[in-house]
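# Analysis of the macromolecular model
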Amino acid sequence: MTHVSFIPPLLLLLHFELLTAAAFAPIPLLHPQIRRAWSTSPQRTTPTFMTTTTNDSTLTEDHLRALLGVAIAASKKAGEIILGNAGGAEVTERKANSRDLLTLVDPLCEKTIRETILSSYPSHDFLGEEDVPPGAEASAAAIREKLTNNYSGFLWIVDPIDGTSNFVHGIPLCMPSIALAHNGEIILGVIHDPHRDETFTAIRGHGAYMNNNPIKVGTQSSLGDAIVAMGSPPAETSMNMSLLALPHLMPKVRTIRMLGSAALMLAWVACGRLTAYWEYDLSSWDVAAGSILIEEAGGEMSNLDGRRWDVTERKICGSNGSIHQVLLEALKEAGVA
């Protein structure tokens, strides 16, 4: 491996690559074999399916199939809107700062997803990015409030267009991300990439799929063989942490990618295109769907201290599991904390 002594961090922030588009067959709603027992491992506790009674209904196999079907339908409707505006979109608002953008299409996609889901499940709660004022404190408060006052037990967590800056500039790396939490635990996730017609799905205990094909995380066992993704975040603190990490990580890994969409990078970790993805500060809607994809594909999701990720965590690392601890140690050595 060629070692890099120093590369100006701001130049590295401009570097990312696109993969070739591919078409796949429609995804099945649910595999017939579903585990319904809670399982644990010594390293981390990961619940699988459980048949349980809530204020809404019993989580039977038919119910889970219906929930996933609605999530897929909602994501594909939003994807059609994104594709219809794939040439780019006008910025209507700058949220937390000049790099945190909003277009007219973002709320339209969220409205479409909300109406599709709540028409089938009107008692469920819903948290979308466009419902929340800008900034880390507001998004952290929003997920806490939803978890505290969620009487149905079901909470849909939605980013209508993950990768808005890409969307604004016509870069085909932007997509809806939809997750469903049951009593605070993510039980399913859908990330639909309309540009490549790839629909990533996972249900707790069922495994992860992309267009009818089971997916697994990559097999890299050394950090030197890893393709590590990270962000170019809009907030100053998290941007500074990315700049700290870049010159430290670059000589240690095969390469670094910045694709501008957390949902996409998490999905690509789940299917093995990327080995890991870390970020200093993300909202629940950026991560929720991708987190279950990675876990169900055999990988690991944690915060930057190594504790298993949950919807209240903002510092995240998702990987194939094999290089997880050494990547976290490298970030600490870089001063990311």
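### As for the pairing of strand β7 (residues 175–182)
- Among the 8 residues in β7, 8 count as buried, and that is most of the element.
- As paired strands, strand β6 (residues 154–162) and β7 are joined by 7 bridges and run antiparallel to one another. Along β7, the bridge assignment pairs Val-158 with Ile-178.
- Of the strand pairs in this sheet, β7 and strand β8 (residues 185–193) are connected by 6 bridges, and their pairing is antiparallel. The partner of Ser-177 across the bridge, within β8, is Ile-191.

### What to know about the sheet that holds strand β16 (residues 316–319)
- With mixed pairing, 5 strands are arranged side by side in an open sheet as β13-β12-β14-β16-β15. Each edge of the open sheet carries a strand with a single partner, namely β13 (255–257) and β15 (300–302). In this sheet, neighbouring strand axes are inclined to one another by 15° on average, regardless of whether the strands run parallel or antiparallel.
- Note: strand β12 (residues 227–229) against β13, 3 bridges, orientation parallel. Bridge pairing links Val-228 to Ile-256 in β13.
- Here helix α6 (residues 236–249) sits on the sheet and contacts β13 and β14 (276–279); the angle it forms with β14, its principal contact strand, is near 145°.

### Overview of the nonpolar core
- In terms of nonpolar packing, the biggest core is built from 45 residues, with Ile-157, Ile-186, Phe-200 and Tyr-277 touching the most fellow members.
- Contributing elements (two or more residues each) for this core: α4 (136–148), β6, β7, β8, β9 (198–203), β10 (207–210), α7 (262–270) and α8 (284–296).
- Ranked by residues supplied to this core, first place goes to α7 with 9 residues.
- Those residues in contact with Ile-157 that sit more than four places away from it in its chain are Leu-127, Ile-143, Ser-177, Ile-178, Ala-179, Ala-181, Ile-186, Ser-284, Trp-285, Ala-288 and Val-311.
- With 29 residues, the next largest nonpolar core counts Ile-82, Val-158, Phe-167 and Ile-203 among its residues.

### A few points about the confidence of the model for the protein
- Averaged over every residue, the pLDDT of the protein is 83; the share at 70 or more is 79%.
- The low-confidence segment residues 1–57 (pLDDT under 50) makes 130 contacts with residues lying over four places distant or belonging to another chain.
- Confidence drops under pLDDT 50 across residues 96–100; counting only partners more than four residues distant or on other chains, this segment forms 12 contacts.

### A closer look at the packing of α6 against helix α9 (residues 324–333)
- Running from N to C, α6 and α9 point in directions that differ by 115°, and their axes come no closer than 9 Å. Between α6 and α9, the angle is such that the two are roughly perpendicular. Crossing angle aside, the handedness with which α6 passes α9 is right-handed. Of α9, the residues touching α6 (which contributes Ala-245, His-248 and Leu-249) are Leu-327, Ala-330, Leu-331 and Glu-333.
- A class-by-class count of the residues in the contact of α6 with α9 yields 5 nonpolar, 1 polar and 1 charged.

### With respect to the pattern of salt bridges
- Throughout the structure, instances matching the rule amount to 17 salt bridges.
- A salt bridge links Asp-305 to Arg-307, with the nearest nitrogen and oxygen atoms 3.7 Å apart.
- Exposure remark for Asp-305: the relative accessible area of 52% places this residue in the exposed category.
- Across the pair Arg-307 and Glu-313 runs a salt bridge whose closest N-O atoms are separated by 3.9 Å.
- Using a relative accessible area of 49% as the deciding quantity, one classes Arg-307 as partly exposed.
- Taken together, the shared-partner salt bridges connect Glu-185, Arg-204, Glu-295, Glu-296 and Arg-308 into one network.

Reading the values: rules and limits
Residues numbered from 1 in each chain as written. Predicted model: local features only at pLDDT ≥ 70, side-chain atom pairs only at ≥ 80, totals over all residues. Heavy atoms only, no water. Buried < 20%, exposed > 50% of the residue type's maximum accessible area, 1.4 Å probe, protein only. Helix = DSSP H or I, 4+ residues; strand = E, 2+ residues; numbered from the N terminus. Pairing = 2+ DSSP bridges. Axes fitted to C-alpha atoms, helices over the stretch in contact; angles between N-to-C directions. Contact = heavy atoms within 4.5 Å. Core = buried A, V, L, I, M, F, W, Y, C linked by side-chain atoms within 4.5 Å. pLDDT = per-residue confidence, 0-100. Parallel < 35°, antiparallel > 145°, perpendicular 65-115°, else oblique. Left-handed = near helix turned anticlockwise from the far one by under 90°. Nonpolar A, V, L, I, M, F, W, Y, C, P; charged D, E, K, R; others polar. Salt bridge = Lys/Arg side-chain N within 4 Å of Asp/Glu carboxyl O.

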